[in-house]
Amino acid sequence: MTGEDQYFHIEHVYKRFGTTIALRDVSFRLAAGEAVALLGANGAGKTTLLRTLATLSRPTRGSVRAFGVDAWSARAEVRARLGVVAHQPYIYPELSCAENLAFFATMFGLEDAGKRATRALERVGLAGRAGDRAATLSRGLLQRLNLARAILHDPSALVLDEPDTGLDAAGRDLLSEIVRSQVARGGSVVLTTHALDYALVLATRVVVLADGRVVLDEPRELADRDAVALAVGAGAVMAGR
């Protein structure tokens, strides 16, 4: 497998915040055509790992490569190939939905920013709200707009931190379609969610973190739901010790 096929390859990564160790000797790979559900209790290290993959947080120790290059030294190149949904929506509330996406399309250096914005809004079911200010959107619709921003530039990989937050059933169906489409075209996805059953439907692979360590890493078809739930629950106990 080439570096291009191996979208993410991290080895022996540690991340420390003061006296707190968020990641402990984590090794993780994400290949083209994979959708990985990253599961674990609160405090397990999921968001820290996603921020590391997205080059938003530099590891204290360890190697992080993305698309065949060192992720940190080539972070501008890496970020251009990522679509990221974080807890904080990167949306300007005073701009309309279409204006937000057109702005980001321009920032990505894309041609036909208006057309790109329109297409992304259609994919997330917001075509009818294109002229509405982002500040007027409900939490669920704002999350749809956040997803539209993430897929705007047809990224190679999606890094999604609880992308289902605030979404209704129709919104989850749209998210599922985005994930499946990304995988079908040879892209990849890594996402976190607290909805175990939803994760097992979306993912091709399941990874569980507990206390900053990988404690389970299996293809979805081999992952037993009860075993996954047990691993997540054990991580919750460790987090509360």
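Residues numbered from 1 in each chain as written. Predicted model: local features only at pLDDT ≥ 70, side-chain atom pairs only at ≥ 80, totals over all residues. Heavy atoms only, no water.

A.B. asks: An account of the pattern of salt bridges is needed here, citing residue identities and associated values.
C.D. replies: Under the counting rule described, the total for this entry stands at eleven salt bridges. Three or more residues joined by partner-sharing salt bridges are found here, namely Arg-24, Asp-211 and Arg-213. (Salt bridge = Lys/Arg side-chain N within 4 Å of Asp/Glu carboxyl O.)

A.B. asks: Please set out the environment of Phe-67 residue by residue, giving values where relevant.
C.D. replies: Note that Phe-67 resides in the loop between strand 4 (61–66) and strand 5 (69–70). Residues Phe-67 and Ala-41, spaced 26 residues apart in sequence, show a C-alpha to C-alpha distance of 29 Å. (Helix = DSSP H or I, 4+ residues; strand = E, 2+ residues; numbered from the N terminus.)

A.B. asks: An account of the pairing of strand 4 is requested, with residue identities and associated values reported.
C.D. replies: Across five bridges, strand 1 (residues 6–17) lies against strand 4 in antiparallel orientation. In the strand pairing of strand 4, Tyr-14 is matched with Arg-61. Note: strand 4 against strand 5, two bridges, orientation antiparallel. Each residue of the ladder has a partner; that of Arg-65, found in strand 5, is Asp-70. Between the antiparallel neighbours strand 4 and strand 5 lie two residues, among them Phe-67 with a positive phi of about 55°. (Pairing = 2+ DSSP bridges.)

A.B. asks: Just give me the short version of the sheet that holds strand 7 (residues 157–161), but keep the residues and values in it.
C.D. replies: Here we have six strands laid out as an open sheet, ordered 6-7-8-3-9-10, and mixed in their pairing. Edge positions in the sheet fall to strand 6 (82–85) and strand 10 (213–219), since each has one partner strand and no second. Within this sheet the neighbouring strands show an average axis-to-axis angle of 15°, counted without direction. Judged from the six bridges that link them, strand 9 (residues 205–210) and strand 10 form a sheet pairing that is antiparallel. By the bridge assignment, Val-208 is partnered in strand 10 with Leu-216. (Axes fitted to C-alpha atoms, helices over the stretch in contact; angles between N-to-C directions.)

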